[in-house]
Amino acid sequence: MSQQTQDITGNKISPPEGWQGLNEDWSSDKETFKSVPWGKAMMWIFLLSDTFIFGSFLVGYMAVRMTTTELWPNSSEVFALTIAGQHIPLILIAIMTFVLISSSGTMAMAVNFAYRRNRSVCAALMFATAILGACFVGMQVFEWSKLIEEGVRPWGNPFGAAQFGSTFFMITGFHGLHVSAGVIYLTIVAIKVLRGDFERSGDYQGVEIAGLYWHFVDLVWVFIFAFFYLW
Amino acid sequence: MTTQSEQQEHELHPISIYLKIWGMLFVLSALSYMVDYLSFQGYVRWSLILIFMVLKAGLIVSVFMHMQWERLALKAAILVPPLAIFVLVTLMIIEANYIFSSRVTYFGAG
């Protein structure tokens, strides 16, 4: 370490200034995270900050749910659907959960095929992931419009405590925004894979980094499903 | 900096791992849905929800996000800071209990 700085001072190499300097200074984290490219480290740090955003939302939800003196709406009934004459509790959310988990599975395999340099399978799996993600957002739109029709508003609802609406729209809305952004992100990366953009450099880290983001979206849903819908 | 070959060697796990984890996530999701469907209540419900949640989260982070194959420096940097959320949770539980009791006392609802 000390030898390295001596070398630098000995040779009198001044680090680059401006934006390039900013970029190079920050990307020196590759010294800390060995065998982790800076792009991946940065994605992890972004996801860490996102963890705190969703963590704060869920803690806020916990606080308003604990402090309200009104009855909290029974999510099992609020999100029930009647399919073919059968009244099934929470079914839409269960389907959404399975769709998102499946998209995570296809994404994990897409990363693997990217490292095998199998471009067509990798891109196909990524498109499948994006389509499943779009299905998830579609079901969320259905869920939102159903609840809005039933009179659920951020300031009140016919089922019980008013805070139910505000936390519901905030938490699922923010998550849905992440899924929508992820669908766009995955589509862009999949097109780049198909076009062979990564083939020139031989570096398929971009697929893994996109995968990290997507798995995180799934991870957040695990917590939302447990705390908001099941609790 | 690592060479490309090192990186690739480290990422080439057989596809079967992902299929296995996918299957386990499906089973765990089905189980957590059953918690609601069979309408367990009280502490049984809450502990089952938490157990299935932690197992699912663990599988996603360790296998799908490759965390189990990373070096400790990255694991520590990413997995330790979120524990600070538990401090916030504790503080908010204390605060929420106080607010709730004040509301019951002064507004007479309940």
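Each remark here, short or long, concerns the structure printed above.
All of the points below concern the structure found in this document. (Residues numbered from 1 in each chain as written. Chains lettered and ligands numbered in written order. Predicted model: local features only at pLDDT ≥ 70, side-chain atom pairs only at ≥ 80, totals over all residues.)

Moving on, we come to the environment of Gln163 of chain A. Residue and element names in this part refer to chain A. Within the element layout of this structure, Gln163 appears in helix 7 (residues 163-195). Judged by C-beta crowding, with 22 C-beta atoms within 10 Å, Gln163 ranks as buried. Expressed as a C-alpha distance, the spacing of Gln163 and Pro73, which sit 90 residues apart in the sequence, is 9.8 Å. Those residues in contact with Gln163 that sit more than four places away from it in its chain are Val64, Arg65 and Thr68. (Helix = DSSP H or I, 4+ residues; strand = E, 2+ residues; numbered from the N terminus. Buried ≥ 20, exposed ≤ 12 C-beta atoms within 10 Å, placed from the backbone. Contact = placed C-beta atoms within 7 Å.)

Contact with chain A, which involves 41 residues of that partner, is made by 47 residues of chain B. For the side of chain A that touches chain B, the secondary-structure elements that each account for two or more residues are helix 3 (38-67), helix 5 (91-115) and helix 9 (205-230) of chain A. Of the residues in the side of chain A that touches chain B, the class split is 23 nonpolar, 13 polar and five charged. (Nonpolar A, V, L, I, M, F, W, Y, C, P; charged D, E, K, R; others polar.)

All names here are of chain A. One non-glycine residue, Leu90, adopts positive backbone phi at about 60°. Structurally, the position occupied by Leu90 is in the loop between strand 2 (86-88) and helix 5. Residue Arg117 is not a glycine yet carries a positive backbone phi of 60°. Note on placement: Arg117 falls in the loop between helix 5 and helix 6 (119-149). Note on Arg117: 12 C-beta atoms within 10 Å, which makes it exposed.

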